[in-house]
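Architecture and fold: a report
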Amino acid sequence: MALEHAILVSLLEKPGSGYELARRFERSIGYFWTATHQQIYRVLKRMGSDGWIDVRDVPQQGRPDKKEYSVAGPGRDALRAWLQERTEPESVRHDLAVKVRGAAFGDPTALIGEVERHRKAHEDRLARYLAGRARDFPLPSADGAPDAEHELQHVVLRGGIAYERMMIAWLDDVLVTLAGFAAGR
């Protein structure tokens, strides 16, 4: 996926400034795609040149005007075309998994600290995802009919939550296995 497509989706959800886009990437789009502020601004400039987005100056009090970006017709067309493209299933690539397999040729117990560090990172990410779910998806709407945009955002977050839980469970299994070597099996 190109960063352009993630930006188009975000701007279709809600137009905003480059700064606001960067915050969305930190807060929610970052569940599945990350980008630095510099990358976002560079791509916004290119998308503007290509006619994919419209830019409007928004006056601000006591501060310079900000630029607000929204999706133009060619950007909608590009997103629709990309949504129809066939993609290959992603394979899981983890350096840590290769280290675990390779630990048989060294000291398996030496890997315990690294596995614990990875587990903590996944635990922290899961906590952020759960906090985001509580903040952004507290309860079903009163009429019980979620809108497509809201429900599709939520299903992506649920996927991230499931992935982090799976990784934590796997890392717990790895730790038990490594502990077995430490105990002398």
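Below: a short report on this structure.

The rules behind these values
Residues numbered from 1 in each chain as written. Predicted model: local features only at pLDDT ≥ 70, side-chain atom pairs only at ≥ 80, totals over all residues. Heavy atoms only, no water. Core = buried A, V, L, I, M, F, W, Y, C linked by side-chain atoms within 4.5 Å. Buried < 20%, exposed > 50% of the residue type's maximum accessible area, 1.4 Å probe, protein only. Helix = DSSP H or I, 4+ residues; strand = E, 2+ residues; numbered from the N terminus. Contact = heavy atoms within 4.5 Å. Pairing = 2+ DSSP bridges.

General note: in soluble globular proteins, nonpolar side chains tend to be found buried as a group. The biggest cluster of nonpolar side chains holds 18 residues, and the ones touching the most others in it are Ile 7, Leu 11, Phe 25, Ile 40, Leu 44 and Ile 53. Of all the elements, helix H1 (residues 3–13) adds the most residues to this core, at 5 residues. The residues touching Ile 53, leaving out its near neighbours within four places in the chain, are Leu 8, Leu 11, Leu 44, Met 47, Gly 48, Tyr 69, Ser 70, Val 71 and Ala 72. Membership of the second largest hydrophobic core comes to 9 residues, among which are Leu 96, Ile 112, Val 174 and Leu 175.

Across 7 bridges, the pairing between strand E1 (residues 53–60) and strand E2 (residues 63–71) is antiparallel. Residue Gln 60 lies in a different strand from E2, and its bridge partner there is Arg 63. Counting the residues in the hairpin turn of E1 and E2 gives 2 residues, including Gly 62, whose phi is positive at 75°.

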